[in-house]
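# Examining the three-dimensional arrangement
In case you want the letters, here they are:
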Amino acid sequence: MKYIDEFRAGDLAMQLANAIKSAARPDRQYRFMEFCGGHTHAIFRYGVQDLMPENVKYIHGPGCPVCVLPIGRIDSAIYLVEQHDVILCSYGDLLRVPASQRKSLLKARAAGADIRMVYSTQDALKIARDNPDREVVFFAIGFETTTPPTAVAIKQARLEGLKNFSVYCNHVLTPAALKALLELPEDNTYGKTLVDGFLGPSHVSSIIGSQPYAYFTRTYRKPIVIAGFEPLDVMQSTLMLIQQLNAGRHEVENEYTRAVSAEGNVKAQKLMAEVFELRSSFEWRGLGSVPNSALMINAAYAEFDCERRFSLPESQASEIKGCECPAILRGARLPSDCKLFGTVCRPDNPMGACMVSSEGSCAAYWSYGRFRQAQAGTGMESVA
Amino acid sequence: MSAVMKRFPLRLDTRNGVVDMTHGSGGRAMAQLIEELFHKHLDNDLLRQANDQAAFEIQAGRMVMSTDAHVISPLFFPGGNIGSLAVHGTINDVAMSGARPLYLAASFILEEGFPLADLEKIVVSMGEAARQTGVPVVTGDTKVVERGKGDGVFITTTGIGVVPKDIQISGDRARPGDAILVNGSIGDHGVAIMSSRANLQFTTRIESDSAALHELIAIMVNVVPDIHCLRDPTRGGLATTLNELAFQSRVGMTLDEAAIPIKPAVSAACELLGLDPLYVANEGKLICICPEADAQQLLETMQQHPLGREAAIIGRVQNDPNSFVQMKTRFGGQRVVDWLVGEPLPRIC
């Protein structure tokens, strides 16, 4: 695969690993949070942590849209499809997410609900066109990356006069989550958040650009390097973060220049602004209620808003007791610190947010890294 | 009337006709379907006897029996269809014991309304597969279910075979130090199927690897009778099958990512869909575990055969009470290669 294999080359990885080893000062710790699940996945799938010196550690952030979606939103979707007999179109990842009462979209489908896995918003539009007698709802989820296609679908539905299409909007915003993470009190019930720098989102940044991060480096004095999702991107960005810290800098740097510009994709931003507006508050699994952290369909496109079209009960679902996801998402604890991890909570029976998707940190720890626990003391020890 | 009456007034309409309930009711319509379609294309001495069972002499030795239900969407895909798959799949299940497959039985569940033209295509390719492999379908059964109660056609095939003397192949025989081999590139079948699904509009030149592996296996056991394990990594892919073997034998494994053959088009498609080729299904692949001392000779033998040309040694068995399958990544890191969890679903971002 041209243009992909180049970013996974083993010999370059060794060169970078050596550069990182010589750059990392032995007298300090380097704790970097990779914001996105895509980074987490790459780190585990390619074994990047193995190439790092002992004092360079990755902390796995909340940037997995499936993981942070609260149970209540899935409950509402199941209610929608069971009570209003709609065709619900969803991305595949979401189907397995556990809802209340041991339900999930996959189980609802097995029980007869009409839930269809789609690969794009265009598939959902086609289903709406092909089924003019049925209400078709698209379960929109994701950070800024997947938001513009949802906006396009809504505009297209209006243009075509599609009356049976609406969107269940669960789009969330990266900067708000980053702010929530950084503003957590240093010593709360979840423990200390110890992060020295951030690997910034890659795909999200291709939309929003690198500018929005300047606020964070200025205000919180932590460096951010926007990093691509390939393993060599992660390593190069790690080196850049180490160099910033060594030089006492805290700036926004862009490793992912092949896709990310300072201003981002202006056309996509305009599309988003045209169709969506900020929600005053949105619940995040693991982070709780975060102000201005999500989008809803604005008044001009209200007829495509599934939440306005159908009455949905407000779910009061709560997180599982004993689940350490909040602390893990904050980087305060490791998956292996959680009593549920690997005992009752596993990818085939996920209890908490971080185990739900393969991009969640617990799922990655379990699926790719659990041999380390067996060889005690080699990399699974607490970072705190 | 001088001439003998024709057995059926009109020929079975395999151009425009469809399956209806009478084709499963045991009467003349069913008899016609069996004669003019199944017997015609699957023809062999035993089937021609037209009994409800096939009777044959048995050979001395251990007999092997295996059955496999085939349901697949779409029924026709690049590189085969449900008919050829139903022959290859069961032959492979029998052959993975080291056995020489002898006979197949086939049972069809047809949905009312299914085009006879499609059924004929499927049975023709079953017949071709049976002739090419030398494993005839000697008995069968047909049922018809009402429209909406099936998915066109389901085919269950059962196979029997005989294991040559002194061959003891079993999933619990992997031992620390053994070598792990595959006969070729991974993930072709699953990607071919996905590319032909209606809601996934991408085109690829990848064809299913659907193939019967018994002849390759016959050569392999001839050269190395002490092969410990053989298994075909179908659903769940290479990763899940290796985990099954590790668990069954109570051993661990370490794979070398760089040694696992994967076609560039397969990794590209998986990249696009957010899937891992190690979990994608195969229908013409086998995993072989044998003593390290025999590995090189076995590899060279496999590479002589058309279905083993890209064979490779991909890892080693080791001692591990946790039965972890681990992989040394191309990157020089280490990770677990886990069981497949749930269905393989594409990732969002």
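Residues numbered from 1 in each chain as written. Chains lettered and ligands numbered in written order. Predicted model: local features only at pLDDT ≥ 70, side-chain atom pairs only at ≥ 80, totals over all residues.

## Side note on the domain arrangement of chain B
How large an interface is tends to be reported as the accessible area lost when its parts come together. All names here are of chain B. The condition is simple: What marks off one domain from the next here is an automatic or database domain assignment. Here, residues touch in the contact sense if the C-beta positions derived from the backbone fall within 7 Å of one another. Every helix listed is a DSSP run of H or I at least four residues long, and every strand listed is a run of E at least two residues long, numbered separately from the N terminus.
What the domain assignment reports for chain B is domain 1 (21–163) and domain 2 (179–336). Taking only C-alpha atoms into account, the centre of domain 1 sits 27 Å from that of domain 2. Contact with domain 1, which involves 18 residues of that partner, is made by 22 residues of domain 2. Those elements that provide at least two residues to the side of domain 1 that touches domain 2 are α3 (82–95) and β4 (100–111). With 8 residues, the single largest contributor to the side of domain 1 that touches domain 2 is α3.

## Regarding helix α12 (residues 266–275) of chain A
Residue and element names in this part refer to chain A. Note the following rule: Buried means a residue has 20 or more other C-beta atoms within 10 Å of its own C-beta, exposed means 12 or fewer, and partly exposed covers the counts in between; C-beta atoms are placed from the backbone. Throughout, the arc means that of the directions going from the helix axis to the C-beta atoms.
Of all the residues in α12, the buried ones are L271, M272 and V275. The arc that holds the buried residues of α12, viewed along the axis, is 95 degrees, so those residues lie on one side. In α12, the exposed positions angled more than 90 degrees off the buried face are occupied by V266, K270 and A273. On its buried side, α12 packs onto α7 (147–160), β10 (276–284) and β11 (288–297).

## Regarding the interface of chain A and chain B
Convention followed: For this classification, the nonpolar set comprises Ala, Val, Leu, Ile, Met, Phe, Trp, Tyr, Cys and Pro, the charged set comprises Asp, Glu, Lys and Arg, and every other residue, Gly included, is treated as polar.
Across the contact, 40 residues belong to chain A and 25 residues belong to chain B. At the level of secondary structure, the elements contributing two or more residues to the side of chain A that touches chain B comprise α1 (10–23), α2 (37–45), α3 (65–68), β5 (136–142), α16 (361–369) and α17 (371–374) of chain A. Partitioning the side of chain A that touches chain B into residue classes produces 20 nonpolar, 11 polar and 9 charged.

## Here we look at unusual backbone geometry
Note: most peptide bonds trans; most residues except glycine with negative phi. Along the chain, S73 of chain B connects to P74 of chain B via a cis peptide bond; the corresponding omega equals 0 degrees. Among the structural elements, P74 of chain B can be located in the loop between β1 (62–70) and β2 (76–77). Of note, the phi angle at Q101 of chain A is positive, near 50 degrees, even though the residue is not glycine. Structurally, the position occupied by Q101 of chain A is in the loop between β3 (87–90) and α5 (105–110). Its identity as a non-glycine residue notwithstanding, N292 of chain A has a phi of 50 degrees, on the positive side. Mapped onto the elements, N292 of chain A comes out in strand β11.

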